[in-house]
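# Descriptive analysis of the structure
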Amino acid sequence: MERKGRVILIGWLFAALRIGFFTYAQDSGSSSASGESPIVNPDRTKPCSFRRQLLVHQQEVRIDPCTLCTCNNGRTSCIIERCPSDGGCLPWEIVIIPEECCPQCPYICTSATSTEYGKLLGTFTNTAHGVAGTIYVIDARRIWLRGFSYDGQGPDAFFYVGSTDRPSGNGVIIPNENEQTSVLGAYSDRNFILTLPEDITTYKWFSVWCRQAGANFGDISIPANFVAPAPLDLGSFGFDPKVHDVSATKVTILNTKQVKFTNLVYDGEGPEAFFWVGGGNVTMAGGKRVPHVDDNNGVKLRAYTGEDVIVTLEGTDRIFNFGYISIWCALALQDFGNAVIPADLNVPPYVASGNPSPIMPEFPNGKVLKEDRFHICWKVDEAAGTLRLRFEGTVKRDEYMSFGISGSQTGTSMPESDVIVAYIGKDGEAGAMDYYLQSRSQCVPTNGDGACPDVLMGSAGAGATNDVTLLSSRVNRGITTIDVERPLAAIDAKDKAISLEPTYVSWAIGELNPEKRVSKHSLVPRGDVQVDFSQESSSCPRLALPAGDKDVTPWVIDDLTPKPAPEVITAHIGPSGGEQGYQGIAGQVGWGIAWYLNGLLVPELNVQRNNIYKFEIYGGNDNSTNLANFHPFYITSDSDGGYNQKTAKGKEAETIYAGPSGGELCDFTSMADPKDFDTFEKYAETLNKTCPPMLKPGILEWTVDPETPDVVYYQCYQHRYFGWKINVSGASQTAVSFALMVALLALAVFNQI
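Residues numbered from 1 in each chain as written. Predicted model: local features only at pLDDT ≥ 70, side-chain atom pairs only at ≥ 80, totals over all residues. Heavy atoms only, no water.

### Thoughts on the pattern of salt bridges
Just so we agree on the cut-off: A carboxyl oxygen of Asp or Glu within 4 Å of a side-chain nitrogen of Lys or Arg is what we treat as a salt bridge. Numbering of helices and strands runs from the N terminus; a helix is a DSSP stretch of H or I covering at least four residues, while a strand is a stretch of E covering at least two. The cut-offs for exposure are 20% and 50% of the maximum accessible area for each residue type, with area from a 1.4 Å probe on protein chains only; residues under the lower value are buried, those over the upper are exposed, and the others partly exposed.
Inspection of the entire model under this criterion finds 15 salt bridges. For E177, the salt bridge is made with R190, and the minimal N-O distance between the two is 3.3 Å. Of this pair, E177 sits in the loop between strand 10 (172-174) and strand 11 (187-195) while R190 sits in strand 11, and the two are 13 residues apart along the sequence. Neither residue differs from the other here; E177 and R190 are each classed as buried. Between R302 and D294 there is a salt bridge, with the nearest N and O atoms lying 3.3 Å from each other. The class of D294 is buried, set by a relative accessible area of 16%. In this structure, a network of salt bridges that share partners links the residues D294, R302 and E307.

Put into structure tokens, the structure is as follows:
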């Protein structure tokens, strides 16, 4: 019995020691702690300064027939009646009617089935809350609401479709014209396009449905035999025998203005051959040329060798106005091949917004800042002392557009610029803020250094305010449009007055960081840019629709598992690598630069408790003149870093385990675009290291305490979003102490047996 007891206790002793050993050696699951970000709490009782007027909370002022502005908790917001971007006619066909907010199309052409807006579905019935309007069907998945109105007073109303016999809550929400599924606001005689989740024949009704009240505010029935407009195949093209080798596999009417020839062949030898349309049968007299890029401005069509060609009718012409389309020689009065257009068409309408979107007439002046990427348009109201601006760009959610007055009077210069930053976030919320660009670095709210909103300029911008009013915003087919207003005069010390003479400007596009402040730009002008705000009739060309987004795969960066001191870990600053780099790896948008450890972009660092690790830091140590080059390295509990920017409360919530340490600046640079490289290793070949002579690094030695959490972070002490995670393994002191206590207890019992 005594021997058996000893054996059992020896087993306990061994187990206790084994627990301590394996707890020490085995990695644990990760956990993290993050500090709090500074929070700006606006004074909810402030009045608003607007157009040289002082408005009290909830006071309304109408500044023109289309725009109503309201003071709300110290900020003025305006509701402007939105003109449809897809009016159903081309920009040069628009008619401006006095006293009307929006341009109008002067006609509506019809065939027996097709109309300018699509196939008529019906008008709203069983209406409440001012619901009115007509729905046309563009194709199987898209519908066009025309003249839609709704008072916006329903507490939980949405566009709904369903397959039950009558409108009910057993339907599906349709995203609104901004591709959002938020509660509907007010509409007044609006025209816009919606996309259905499924083919329209799946459903029996369309409704404005209030979920909370379980009420139908208006509906339109969808007949069981409804046939949606669709492209029409007219069959093959050409004669037998062929004339001038003209043939096409098929001719397709795409919509009311466009016809597609598939695999078109033509020898190009006709002396004055063109694409041609006419009424009735092809005859020697009548018909008209359809201008095309391939007919050399009316000289003659070039040869085709099996190409797909789309022909678009001009102006007010629509396909149902004609009886045929052909390739016709005007000199020889000879038909080389034709396709007959049926009398009763059911094809989709030609949607002007499906092409590049026009600059709307309420902003008569504009400038292309970056072709097919960013346009700025404006309207000066000297009587009111205001400048209205329209930001229009092919940007994503959480990408910003910035535009404003250059920091230099002799050229385009970012530092000391006064700009407006406009954006629509991933949450669908739009923003427009007055910014002052003190320097090329991340905003430091405590002293206003970097790219800061005026309201966060700290002591450097005492009295600075946000003098920008957001008027409206929308996203339509990948094009973001944001309208804002600012005073012509400088309101505070950080503003620059708008001159009505040629003025140098600054602009940029970039990502928002998690605090919805600007990060380092991804696109800026490559030279000086001037704008003359007094210039008339300088409208922008139409902005081309963006191509679909491509999926971006983050680079794979190997973990770094260093040996304890005296082995050295080097830390340099370098380019962040964009979406493939820091943004994709850490899931954060930084300032465009990040930490490189031993030459690797933000690797995960693996360390063991109770070991000492040595870092040589080359992040910059001069904070007297340029904080953009001041990046002390430290190890923290906060995944964002930037301790020196935080409020007292934020600092209290953070634990610093080592540092900060700076050292002289020695950084990596690259002129290459990270998007051109599918691996970090290839991108790294473009990096150049820039270091001063007689370089002196900062030295940081970190003894990993036994109680260090499983996950901590290396970051920049001055700026946020520079670094990444450190995985800490090995037993904590608590685990080791517990194992040792169990072992000693077992030993004591053993000695008593």
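That covers the picture; the talk isn't over yet.
### What to know about the sheet that holds strand 10
Going by this rule: Strand pairing is defined by DSSP finding a minimum of two bridges between the two strands. Only the stretch in contact is used when a helix axis is fitted, and all axes are lines through C-alpha atoms; the angle between N-to-C directions ranges over 0 to 180 degrees.
The strand order 10-9-12-13 describes an open sheet built from four strands, whose pairing is antiparallel. Bordering the open sheet on either side are strand 10 and strand 13 (215-221), each of which pairs with just one other strand. When the angles between neighbouring strand axes are averaged without regard to direction, this sheet yields 35°. Taken together, the five bridges between strand 12 (residues 205-210) and strand 13 define a ladder with antiparallel strand orientation. Residue W205 lies in a different strand from strand 13, and its bridge partner there is S221.

### Concerning the state of the cysteines
The criterion, for reference: In plain terms, two cysteine sulfur atoms within 2.5 Å form what is called a disulfide here.
What the rule picks out here adds up to two disulfides. Across the disulfide from C443 sits C452; the S-S distance is 2.0 Å. Here the disulfide of C443 and C452 is right-handed, its torsion about the S-S bond being about 100°. Each member of the pair C443 and C452 is classed as buried. For C666, the disulfide goes to C691, at an S-S distance of 1.8 Å.

### Quick notes on the side chain of H572
Note the threshold: By definition, residues are in contact when any of their heavy atoms lie within 4.5 Å.
Relative to the assigned elements, H572 resides in strand 34 (residues 568-575). With sequence-adjacent residues up to four places away left out, H572 is seen in contact with A594, W595, Y596, Y618, C666, F668 and K689.

### Regarding the sheet that holds strand 16 (residues 258-266)
Strand order in the open sheet formed by four strands is 14-15-16-19, with antiparallel pairing between adjacent strands. Here the strands that pair on one side only, and so sit at the sheet edges, are strand 14 (232-233) and strand 19 (304-312). Pairing analysis gives two bridges linking strand 14 to strand 15 (residues 250-253), with the strands arranged antiparallel. Each residue of the ladder has a partner; that of L232, found in strand 15, is I253.

Note that all results are geometric; they support no functional claim without further evidence.
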